[in-house]
Amino acid sequence: MHETQLFIGEIRPLPQSRRPTGFYKQALETSVLIGPLGLAGDQQADLRVHGGPEKAVHLYPARHYARLAQAFPTAAAQLLPGSMGENISLDDLDESQVFVGERFALGGAILQLCQPRNPCWKIDERFDVDGMAAFIAEQGLTGWYFRVSQTGEARSGDRLRPLDRPPGAPGLRAAMRCWQEHRPTPEALEAIAATPGIAQHWQDKIVRRAAWLRANPDSAPPPVTTFHVKPDPA
C-alpha cells in the first residue's frame, strides 16, 4: 500500500503567456470527495485536453522529481510534489509497477488507471525552462490518469491500495513504449487496445495506428505525438 498526498487547484494565469491553467495545486489538509470528474474543488482550464471522466484524477510519482531536477537544475527548487499539476503524489510507485485497467482503492473511492498523461507545453512555461515536457515524454516520466469507478471521500495520508487488474493487462510503461515505437507490430498494439478499462481516446488512437501499420507495411510510419506543443497565438 502507498501513502498519498492530495492536491487541488483553481484556474490561474501562466506567468508569461497569461493563458489560464489549472496547473497550480495546493495540498489538501481535509478530506475531499472524489467523484466522476475528480476531486471536489479542483479545476481545469482547457477541457479539450484536461479533465473529464477519463482524466478525472492525475497521479504523478514523486520519485520523478529528482530526475527532473538533475536534468533541469535551474528549476530544481520548484520541483516539489504537487508542482506537476497532479492530484495525487506518492513516493513508492511509478509507471513500471502499475497496469492498464488496474483498480485501486483510495479512502472510500475506487480509481481505475486508464491512460498515461501526455505532458504539454505549459510545463515549460510553468518552470521557465525549454524542453522539460519533451524530456518527460521521452523518458516516460508522465504519471497517469484514473477514472473514478466509485465515488468516495479520501484525505492526504490515505493509502492507495491495489485491488485488481484485467487478466493479461499490460504494464503501463511497457504499453507506452510499445505505443511510441517506430514500428510496433499491429498485434501488440491491438492487444493493448483490447485491455478492459483502457481510456476510449487512447484506445482509438492505438487502433488507428495498428490499422495504418497493417495497411502500409512498407512505409515509414508518422511519429506518435507524445506531448502537446504550444498552439499558435490567436
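Residues numbered from 1 in each chain as written. Predicted model: local features only at pLDDT ≥ 70, side-chain atom pairs only at ≥ 80, totals over all residues. Heavy atoms only, no water.

Help me out: how do you make sense of the overall build of the protein chain in this one?
Assigned secondary structure in the protein chain consists of six helices and 14 strands. Here the C-alpha atoms of the protein chain give a radius of gyration of 18 Å, agreeing with the 17 Å that 2.2 N^0.38 yields for 234 residues. Across its three principal directions, the C-alpha atoms of the protein chain cover 55 × 40 × 35 Å. Relative to all contacts within the protein chain whose residues are 6 or more apart in sequence, the contacts with residues 24 or more apart total 75%. (Helix = DSSP H or I, 4+ residues; strand = E, 2+ residues; numbered from the N terminus. Rg over C-alpha atoms; globule rule 2.2 N^0.38 Å. Contact = heavy atoms within 4.5 Å.)

Quick question: what am I supposed to make of empty space enclosed by the protein here?
Rolled over the atoms, a probe sized like a water molecule indicates the empty space that remains. If you walk through the whole model with that rule in mind, you get three cavities of 30 Å³ or more. Of the volumes computed, that of the largest cavity is approximately 230 Å³. Among the residues forming the lining of the largest cavity, the class breakdown is six nonpolar, nine polar and six charged. Lining the second largest cavity are Pro-116, Arg-117, Asn-118, Pro-119, Ala-137, Thr-142, Met-176, Trp-179, Gln-180 and Thr-226. Of all the elements, helix 4 (residues 172–180) adds the most residues to the lining of the second largest cavity, at three residues. Broken down by class, the residue content of the lining of the second largest cavity amounts to five nonpolar, four polar and one charged. (1 Å grid on protein atoms, 1.4 Å probe; cavity = no way out; pocket = protein on both sides within 12 Å on 5 of 7 lines; lining within 4 Å. Points joined across faces, edges and corners; volume = space filled by probe spheres on them. Nonpolar A, V, L, I, M, F, W, Y, C, P; charged D, E, K, R; others polar.)

Looking at this structure, I do not really get the packing of aromatic side chains. What am I missing?
In this description, a pair of aromatic rings is defined by centroid distance and the angle of the planes. With the rule as written, the count across this model stands at four aromatic pairs. With 5.8 Å between their ring centres and 70° between their planes, Phe-104 and Phe-146 make a pair best called edge-to-face. Of this pair, Phe-104 sits in strand 10 (residues 103–106) while Phe-146 sits in strand 12 (residues 144–150), and the two are 42 residues apart along the sequence. Here Phe-104 falls in the buried class, since its relative accessible area comes to 1%. According to the relative accessible area criterion, Phe-146 is buried, its value standing at 0%. Of note, Arg-12 hangs over the ring of Tyr-24, and the distance from its end group to the ring centre comes to 4.1 Å. Arg-209 extends its terminal NZ or CZ atom over the ring of Trp-179, reaching a point 5.9 Å from the ring centre. (Phe/Tyr/Trp six-rings, centres within 6.5 Å; stacked < 30°, edge-to-face > 60°. Buried < 20%, exposed > 50% of the residue type's maximum accessible area, 1.4 Å probe, protein only. Lys NZ or Arg CZ within 6 Å of the ring centre and 35° of its normal.)

For this particular structure, what's the right way to read the nonpolar core?
Within soluble globular proteins, side chains that are nonpolar generally end up buried alongside one another. By size, the foremost hydrophobic cluster in this structure holds 40 residues, and its most contacted members are Ile-34, Leu-111, Phe-146, Leu-160 and Trp-202. With five residues, helix 4 is the single largest residue contributor to this core. If you look at the next biggest cluster of nonpolar residues, it comprises 20 residues, including Ala-75, Met-84, Phe-135 and Leu-141. (Core = buried A, V, L, I, M, F, W, Y, C linked by side-chain atoms within 4.5 Å.)

Please explain the pattern of salt bridges as it appears in this structure.
Two side chains bearing opposite charge may form a pair once their charged atoms approach each other closely. A complete count under the given rule lists eight salt bridges for this structure. A salt bridge links Arg-63 to Asp-94; its shortest N-O distance comes to 3.0 Å. Of the two residues, Arg-63 sits in the loop between strand 8 (57–61) and helix 1 (64–71) while Asp-94 sits in the loop between strand 9 (88–90) and strand 10, which places them 31 residues apart along the sequence. With a relative accessible area of 7%, Asp-94 lands in the buried category. Its salt-bridge partner being Glu-190, residue Arg-214 comes within 2.8 Å of it at the nearest N-O pair. Of this pair, Arg-214 sits in helix 6 (residues 200–215) while Glu-190 is found in helix 5 (residues 186–193), placing the two residues 24 residues apart along the sequence. The class for Arg-214 is partly exposed, based on a relative accessible area of 45%. Linked by salt bridges that have partners in common, Glu-187, Glu-190 and Arg-214 make up one network. (Salt bridge = Lys/Arg side-chain N within 4 Å of Asp/Glu carboxyl O.)

What is the right way to read the side chain of Lys-25 from this model?
Tracing the sequence through the fold places Lys-25 in the loop between strand 4 (20–21) and strand 5 (26–27). At 2.5 Å, the side chain of Lys-25 and the side chain of Asp-42 are in polar contact. Setting aside chain neighbours within four positions, we find Lys-25 in contact with Phe-7, Ile-8, Gly-9, Asp-42, Gln-43, Gly-82, Gly-85, Glu-86 and Asn-87. (Polar contact = N/O pair within 3.5 Å; in protein donor to acceptor, adjacent residues only side chain to side chain.)

Please clarify how the pairing of strand 8 should be interpreted in this entry.
The two faces of a sheet get side chains in turn, since along a regular strand they alternate between them. A large share of strand 8 lies buried, amounting to five of its five residues. Because side chains alternate across strand 8, one face comprises the buried residues Val-57, Leu-59 and Pro-61, and the other comprises His-58 and Tyr-60, equally buried. Pairing of strand 8 with strand 12 involves three bridges; the strand directions are antiparallel. Paired with His-58 across the bridge in strand 12 is Tyr-145. (Pairing = 2+ DSSP bridges.)

I tried to follow the sheet that holds strand 5 on my own but got confused; where do I start?
Hydrogen bonds between backbone groups are what pair the strands of a sheet, and the pairing can be parallel or antiparallel. On the basis of which strands lie adjacent, the open sheet formed by nine strands has the order 1-14-10-11-12-8-9-2-5 and mixed pairing. Here the strands that pair on one side only, and so sit at the sheet edges, are strand 1 (2–3) and strand 5. In this sheet, strand 9 lies alongside strand 8 in parallel orientation, the contact comprising three bridges. Within strand 9, the position partnered with Tyr-60 by the bridge is Ser-89.

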